[in-house]
Amino acid sequence: MDKKTQTKPAESPDKGKILSKPRIFFGLTFILFSVVLAFSFISYLMNWKADQSQAGTMTDKTIKSSNIFGKVGDWLGNIFIFESIGIASFIIAFLFLVVGTLILKKKTFKPWKTIGHSLFFICWLPIFMGAVTKGQGVLGGVYGYQIMDYLNAIIGPVGLWVVLVASILLYFILEFNLRPSSIKSKLDKINDNTIGRVKSMMPSSEENFDADTELEEAAEEAGLNVTVTDLSEKPKTKEPEPVNVPKGFPEVQPTSDIETIVTPNHTSFEEDEKPISLNLNTKPAVPTSTPEQAFDMAPASPATSPIPPVNPSSTAQDNIKFNVEVAPVIDVLDDSDRKSQELVEKHGLYDHKLDLAGFQMPTVELLKDYGSEEISINKEELEENKNKIVGLLKNFNVGISEIKATIGPTVTLYEIVPEAGIRVSAIKKLQDDIALNLSALGIRIIAPMPGKGTIGIEVPRKNPTMVSMRSVIASHKFQNTDMDLPVVFGKTISNEVFMADLAKMPHLLMAGATGQGKSVGINAILTSLLYKKHPSELKFVMVDPKKVELSLYSKIERHYLAKLPDADEAIITDTNKVINTLNSLCVEMDTRYDLLKNAFCKNLKEYNKKFSERKLNPENGHRFLPYIVLVVDEFADLIMTAGKEVELPIARLAQLARAVGIHLIVATQRPSVNVITGMIKANFPARAAFRVISSVDSRTILDSPGADQLIGKGDMLYFNGNEILRLQCAFVDTPEVERLAEYIGEQKGYSSAFLLPEFVSEDSASTVGAFDPNEKDALFEEAARIIVSTQQDLLLCCRDSLNWATTEQEELWTSLKPPVLWEGSMEQKRERSLSAIFILWNSFWKICVVKGKVLYKINLEALECLKFIK
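Parameters and conventions
Note that residues are indexed from 1 along each chain, following the sequence as it is written. At least 70 in pLDDT is required for a residue's local features to be given in this predicted model, at least 80 for side-chain atom pairs to be given and counted, and no such filter applies to totals for whole chains, interfaces and linings, which use all residues. In computing side-chain properties, one takes all heavy atoms of the structure into account and sets aside hydrogens as well as water. Strands are labelled as partners when DSSP assigns at least two bridges between them. Here a strand is any run of E in DSSP of at least two residues, a helix any run of H or I of at least four, and the numbering for each starts at the N terminus. Axis angles are defined between N-to-C directions and span 0 to 180 degrees, where every axis is a line fitted to C-alpha atoms and, for a helix, only to the segment in contact. Whether two residues touch is decided by their heavy atoms; if any such pair falls within 4.5 Å, the residues are in contact. With a 1.4 Å probe rolled over the protein chains alone, any residue whose accessible area is under 20% of its type maximum counts as buried; one over 50% counts as exposed, and the rest are partly exposed. By the counting rule applied here, Lys and Arg register as positive and Asp and Glu as negative, while His and the ends of each chain are not counted. Here, a salt bridge means any side-chain nitrogen of Lys or Arg that lies within 4 Å of a carboxyl oxygen of Asp or Glu. Two N or O atoms form a polar contact when they lie within 3.5 Å of each other; inside protein one atom must be a possible hydrogen donor and the other a possible acceptor, and for residues adjacent in sequence the pair counts only when both atoms belong to side chains. Residues belong to one nonpolar core when they are buried, are Ala, Val, Leu, Ile, Met, Phe, Trp, Tyr or Cys, and are joined through side-chain atoms within 4.5 Å. The predictor attaches a confidence to each residue, called pLDDT, with possible values from 0 through 100. An expected span of 1.5 Å times one less than the residue number is assigned to each helix. Within this analysis, the arc is defined by the directions that extend from the helix axis to the C-beta atoms. Patches were defined on residues exceeding 30% relative accessible area and lacking a salt bridge, with like-charge contacts within 9 Å and nonpolar side-chain contacts (Val, Leu, Ile, Met, Phe, Trp, Tyr) within 5 Å. Per-residue accessibility takes into account occlusion by the displayed protein chains alone, with areas from the Shrake-Rupley method and a 1.4 Å probe.

Brief notes about the sheet that holds strand 10 (residues 538-543)
What links the strands of a sheet is backbone hydrogen bonding, and the strands pair in either a parallel or an antiparallel sense. Taken together, 9 strands build an open sheet; the order of strands is 8-7-16-15-14-9-13-12-10 and the sheet is mixed. On the outer flanks of this sheet lie strand 8 (497-501) and strand 10, each paired with one strand and no other. Shown here is a sheet whose adjacent strand axes are inclined to one another by a mean of 30 degrees, direction ignored. Inspection of the sheet shows strand 7 (residues 486-492) paired to strand 8 by 5 bridges, in the antiparallel sense. Across the sheet, Lys491 pairs through a bridge with Val497, a residue of strand 8. Taken strand by strand, helix 14 (residues 518-530) contacts strand 7, strand 9 (508-511), strand 10, strand 12 (627-632), strand 13 (662-668) and strand 16 (724-729), and its axis lies near 130 degrees from that of strand 7. Set on the sheet, helix 21 (residues 695-702) makes contact with strand 9, strand 14 (686-689) and strand 15 (715-719); between it and strand 14 the angle comes to about 155 degrees.

Points about the sheet that holds strand 4 (residues 411-418)
Strand order in this open sheet of 4 strands is 3-4-6-5, and the pairing throughout is antiparallel. At either margin of the open sheet sits one strand with a lone partner, and together these are strand 3 (400-407) and strand 5 (444-446). Between one strand and the next, the sheet's axes are offset by a mean angle of 20 degrees, whatever the strand orientation. The strands touched by helix 9 (residues 379-395) are strand 3, strand 4 and strand 6 (455-460); relative to strand 4, the strand with the most contacts, the crossing angle is about 40 degrees.

With respect to the side chain of Glu634
If you trace the backbone, Glu634 turns up in the loop between strand 12 and helix 18 (635-641). For the buried Glu634, which has no salt bridge, the nearest side chain bearing the opposite charge is Lys546, at an N-O separation of 4.5 Å. Looking at Glu634, its side chain comes within polar contact range of the main-chain nitrogen of Ala636, at 3.3 Å. A polar contact of 3.3 Å, which involves the side chain of Glu634, links it to the side chain of Thr668. Ignoring sequence-local partners within four residues, the contact set of Glu634 consists of Pro545, Lys546, Ala667, Thr668 and Gln669.

Re the nonpolar core
Core analysis: the biggest nonpolar cluster contains 113 residues, and Phe489, Leu508, Phe540 and Tyr718 have the highest contact counts within it. In terms of residue count, the dominant contributor to this core is helix 16 (residues 575-599) (9 residues). Leave out the neighbours within four places in its chain, and Phe540 touches Leu526, Leu529, Leu530, Tyr560, Leu561, Ala562, Val629 and Val631. Ranked by size, the runner-up nonpolar core spans 19 residues in total, among them Leu382, Leu392, Tyr414 and Leu438.

So, the side chain of His622
As for its placement among the helices and strands, His622 is situated in the loop between helix 17 (604-612) and strand 12. Of the polar contacts made by the side chain of His622, one reaches the side chain of Tyr607; its length is 2.9 Å. For His622, the contacting residues outside a window of four places in its chain are Leu595, Asn598, Ala599, Tyr607, Phe611, Leu616 and Asn617.

Describing the confidence of the model for the protein
Here the protein averages 74 in pLDDT, while 67% of its residues score no lower than 70. Taking the mean pLDDT of every element in the protein, the minimum, 32, falls on strand 18 (residues 848-850) and the maximum, 95, on strand 12. Across residues 226-240, where pLDDT falls below 50, the model places 29 contacts with residues more than four positions away in sequence or in other chains. Contacts for the low-pLDDT stretch residues 764-773, under 50 throughout, to residues beyond four places or in other chains number 14 contacts.

Concerning helix 22 (residues 734-745)
Between its first and last C-alpha, helix 22 extends 16 Å over 12 residues, near the 16 Å set by a 1.5 Å rise per residue. Buried residues of helix 22: Glu736, Val737, Leu740, Ala741 and Ile744, and no others. One face of helix 22 carries all of its buried residues, which in axial projection span an arc of 130 degrees. Elements that come into contact with the buried residues of helix 22 comprise helix 14 and helix 15 (557-560).

Here's the deal with a nonpolar patch on the surface
Together, Val132, Trp161, Val165, Leu169, Leu170, Ile173 and Leu174 give the surface a local cluster of nonpolar side chains, amounting to about 650 Å² of exposed area. Among the elements that line the nonpolar patch, the one with the most residues is helix 5 (residues 141-176), at 6 residues. Within the element layout of this structure, Leu169 appears in helix 5. Relative accessible area serves as the criterion here: at 48%, Leu169 is assigned to the partly exposed category.

Structural notes on the pattern of salt bridges
Taken as a whole, this structure holds 19 salt bridges when the rule is applied. A salt bridge links Lys563 to Glu557; the nearest nitrogen and oxygen atoms lie 3.2 Å apart. Residues participating in the shared-partner salt-bridge network are Arg444, Glu458, Asp715 and Arg726.

See the structure below:
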């Protein structure tokens with residue numbers, strides 16, 4: 001048994017090989033020469049009359065040519081078009097293109113077929129153009145004119161046109177196989193696809209069948225109308241199938257001469273209201289051999305004769321009316337939804353802007369125009385930096401295959417692609433060497449760049465471009481944004497406007513050294529929010545321990561600011577009021593969560609949408625909830641003065657307040673670990689870092705170095721939890737903020753600032769009344785006996801006799817400043833000392849002890865009593 005071997009087709013030897021340099025050179029040369037020929041011919045045809053007199057003046061410099069390729073183009077056009085084959089010269093240019101692609105091994109054209117067609121038209125087209133133009137012009141060339149004139153003299157004009165038409169017809173017949181049979185088959189196919197389909201779709205008006213006489217008589221006796229329709233065309237013959245013959249009928253054996261008659265299923269029966277049963281004793285007739293003749297078949301009763309199955313491919317299904325209907329969606333509304341829908345139809349959606357319907361949003365003209373901010377490209381600086389970077393890397397045996405420069409407002413990003421085998425760490429170690437070689441202020445290396453296979457080197461520009469607040473506010477991106485709380489920071493390295501949504505951050509931590517643009521960044525954030533949000537949609541809670549940074553916004557108190565009910569100023573500068581305000585925000589957060597729970601909403605946006613659709617009843621406490629943004633300008637001062645009392649409510653707000661529309665912007669100029677603690681960092685995923693002094697501070701803010709390499713003046717790094725972006729913060733000056741605040745403050749506002757819920761602390765709730773012996777502490781009598789008997793200072797007695805020796809306790813009692821009680825008569829001394837002992841003793845023991853940690857709180861009423869005693 002022979003084994004069958006399967007041979008694989010041999011692969012082309014050229015497959016997978018790189019083209020040689022000579023092949024690439026010659027291929028591109030042919031293609032380029034074809035392009036030059038084509039454009040030279042086009043220009044020659046447009047200007048041949050003016051350049052005809054310049055033929056043969058190639059070396060004369062005083063004569064200028066109007067051809068696109070000068071005198072060379074005139075010479076090529078004169079040689080190929082005028083003196084040769086006319087416009088058929090374009091085929092020569094096309095052949096050069098074909099040869100070039102063949103050299104490059106591009107199988108775009110079939111070579112021999114293309115060359116054959118080209119040669120035919122090179123011979124035919126000049127003669128045709130010569131016959132059309134009768135030798136006038138250059139379309140036919142000298143060749144076309146001479147051949148046309150020769151044929152015209154021999155066979156005459158009619159014979160010339162006969163030859164031209166016959167030759168082109170013969171070409172098309174041979175090329176496209178245009179035989180009469182193929183043309184007829186194509187026409188029949190087109191007819192079937194168009195007219196035949198239209199006829200098949202049109203119903204016939206009359207259906208006439210030649211029925212058998214006996215069948216008609218039987219139908220008339222039974223009262224049944226039978227109509228049989230013949231097929232217009234002869235059906236295809238099929239092999240005879242066995243027929244089930246009912247009992248009482250003779251079996252008929254079909255012969256080879258009998259053809260099966262196929263009748264269409266167009267028989268319609270019109271019956272009376274009463275059912276009719278037919279009992280016909282006539283025998284069925286044998287079908288004739290011709291399909292045109294009818295056949296005899298007596299209908300049997302339904303009880304004895306089975307009904308033949310309906311052919312599913314019959315045309316009766318084409319006459320069945322088929323309607324497709326989509327059931328409408330029916331919403332079952334409950335009573336509350338129905339009532340809200342009626343209110344919306346009657347009053348429309350709730351408009352939260354009606355209280356300040358005439359409020360005008362600020363215009364861009366309020367911001368200063370600093371002129372054109374287009375980035376100027378200094379090619380000498382770019383080339384110099386590129387050569388220095390490449391030379392330095394080469395000195396350290398670091399090869400690169402590609403380098404690319406992206407110019408930004410402040411820095412230029414050089415992206416390099418290292419050669420294979422080069423470690424990324426080898427380039428990162430050269431950061432200081434590159435900075436030394438470039439003599440730059442700060443070099444930042446990004447290795448590797450996120451989402452790219454490159455390593456970035458950021459080099460500061462010698463002449464940076466300022467990014468004004470007006471340019472980013474007037475940008476198309478900011479004007480057409482659909483963010484809830486759009487914040488525009490500035491521009492990226494690629495000179496694109498960078499925006500972020502504060503509602504999705506959801507909190508922002510800003511840090512940087514003094515004078516590096518931190519306060520300007522806060523003003524840029526506030527300005528972008530004021531330009532986008534209506535006073536009914538946004539409220540600010542501003543904390544300014546320095547008392548001068550945010551004081552400009554006091555003019556918009558009745559529009560955008562929020563405060564405590566008993567506060568005199570909306571901008572908070574006192575540390576004690578800051579604690580109450582933060583705790584009040586926690587109360588507001590809890591209240592909003594209760595409203596969202598009752599409304600079955602997950603966030604503030606869904607809640608406000610339901611309220612606008614009037615699905616929430618204001619009588620149940622529901623109201624339109626604006627966004628609240630807490631701005632803290634100097635967080636380090638609050639931590640130093642209040643400590644945990646500030647950190648705990650801020651951490652709680654950062655953890656929970658996002659869903660109810662309360663967002664935090666915390667800024668500090670002291671990015672140390674005791675200020676930006678782990679609890680703060682964990683709840684502030686979005687961070688903005690301006691220039692800092694050391695890399696330790698940069699790691700504290702961003703968890704990575706880089707902020708110490710910034711150049712200041714608004715140069716910042718933004719971290720959104722995924723990647724670090726370098727931005728140039730937009731500059732907004734103090735006069736611009738003043739004009740913006742005055743523009744808003746001059747308009748009609750609310751009667752007062754937005755009132756936060758009142759917060760009652762535990763110390764203020766616990767009041768100290770008159771002296772009551774029943775409320776004395778267990779050690780009160782011992783303390784009073786020691787003080788009266790020794791007549792010493794109260795603090796010294798408590799510290800020495802009762803062993804109060806901890807530093808925290810001493811600091812607490814020192815802050816109370818106990819007065820000198822031993823002046824006047826003995827009775828006065830004893831009365832004042834007992835009152836002072838009671839007040840200070842109760843103040844001390846009302847310090848809460850939780851889990852072994854003393855929470856030190858000063859009773860303000862005790863202080864007032866001490867001042868009165870003193």
